[in-house]
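Read off the chains here:
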Amino acid sequence: MKSITIKGSERESVGKKATKALRNAGKVPCVVYGGDKPLHFSADELAFRDLVYTPNAHTVAIELDGGASLKAVMQDIQFHPVTDKIIHIDFYQLFDDKVVTMDIPVRLVGNSPGVRNGGRLLFRKRKLAIKALPDKLPDFFDIDISKLRIGQNISVSSLLNDDFTILHPDNQVVVQVKTARTAIVTDDEDEEGEEGAEGAEAATEEATQE
């Protein structure tokens, strides 16, 4: 997984006045959990741009003025309700021999023939929670939908890997194509056999009940 470097300064005072002064100076107060004790630090708000305003998942290399450095992942972030400025971030420290839980984004690859024939693409899970050692964390899940036809779906079971544990049921649907009133069936879809036909028929019945 790609890492983003954040340069910051360790905080000695964590009171309300000190925190307010940091925010007024364009700094974001942060805390890192998971070590021997919580580590408080601050960094420029702009330093978090590539970490926060992206759909991708990243680990973080935190480098402090005193020379200390550590690896972490972002756990929680708070925004100002009016200005949307970042007002606080929680991190969790990473250790090479300890598993960590993280949400990994899902990306769809290719064009679904079911959608081209009028089906509705339903993207059920845009992120998947996993447990893994830090060096086994994937950047994202790529799901090929180029063979996904009307009535078919792709579930978590097709994404299982020995490098990590997906914290969702194996039958959790990630993406599917449901039938629509304008959907048509091509000769290619007919060739899928009885299983494909039954899937499309079941999807049609479900859509009718809706």
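Further up the page is the structure itself.
Parameters and conventions
- Residues numbered from 1 in each chain as written.
- Predicted model: local features only at pLDDT ≥ 70, side-chain atom pairs only at ≥ 80, totals over all residues.
- Heavy atoms only, no water.
- Helix = DSSP H or I, 4+ residues; strand = E, 2+ residues; numbered from the N terminus.
- Buried < 20%, exposed > 50% of the residue type's maximum accessible area, 1.4 Å probe, protein only.
- Areas by Shrake-Rupley, 256 points an atom, 1.4 Å probe, with all protein chains shown as cover.
- Phe/Tyr/Trp six-rings, centres within 6.5 Å; stacked < 30°, edge-to-face > 60°.
- Lys NZ or Arg CZ within 6 Å of the ring centre and 35° of its normal.
- Core = buried A, V, L, I, M, F, W, Y, C linked by side-chain atoms within 4.5 Å.
- Contact = heavy atoms within 4.5 Å.
- Pairing = 2+ DSSP bridges.
- Axes fitted to C-alpha atoms, helices over the stretch in contact; angles between N-to-C directions.

With that settled, consider the overall build of the protein chain. Across its full length, the protein chain holds five helices and 13 strands. Put simply, the protein chain has 210 residues, and 37% of those count as buried. Surface summary for the protein chain: the accessible area is close to 12900 Å², and the carbon and sulfur share equals 47%.

Our next topic: the packing of aromatic side chains. Taken as a whole, this structure holds three aromatic pairs when the rule is applied. Through pairs of rings, three or more aromatic residues link up here, namely Phe41, Phe48 and Phe91. Looking at lysine 98, its charged tip hangs above the ring of phenylalanine 95, at a distance of 4.9 Å from the centre. The ring of phenylalanine 140 has arginine 107 sitting right over it, with the charged end atom 3.4 Å from the ring centre.

Attention now goes to the nonpolar core. Taken as a class, soluble globular proteins show a tendency for nonpolar side chains to be buried jointly. By size, the foremost hydrophobic cluster in this structure holds 25 residues, and its most contacted members are Val106, Ile130, Phe141, Ile143, Leu159, Ile166 and Val174. If you list the elements that add at least two residues to this core, you get strand 7 (100-109), strand 9 (127-132), strand 10 (141-144) and strand 13 (173-178). With residues near it in sequence (within four places) discarded, isoleucine 166 still touches Ala129, Ile130, Phe141, Val156, Leu159 and Leu160.

Attention now goes to the sheet that holds strand 13. What the three strands build is an open sheet, ordered 8-13-11; its pairing is antiparallel. Of all strands in the sheet, those with a lone pairing partner are strand 8 (120-123) and strand 11 (153-155), marking the two edges. Each strand axis lies, on average, 10 degrees off the axis of its neighbour in the sheet, ignoring direction. As paired elements, strand 11 and strand 13 share three bridges and run antiparallel to each other. Looking across to strand 13, one finds that isoleucine 154 is bridged to valine 175.

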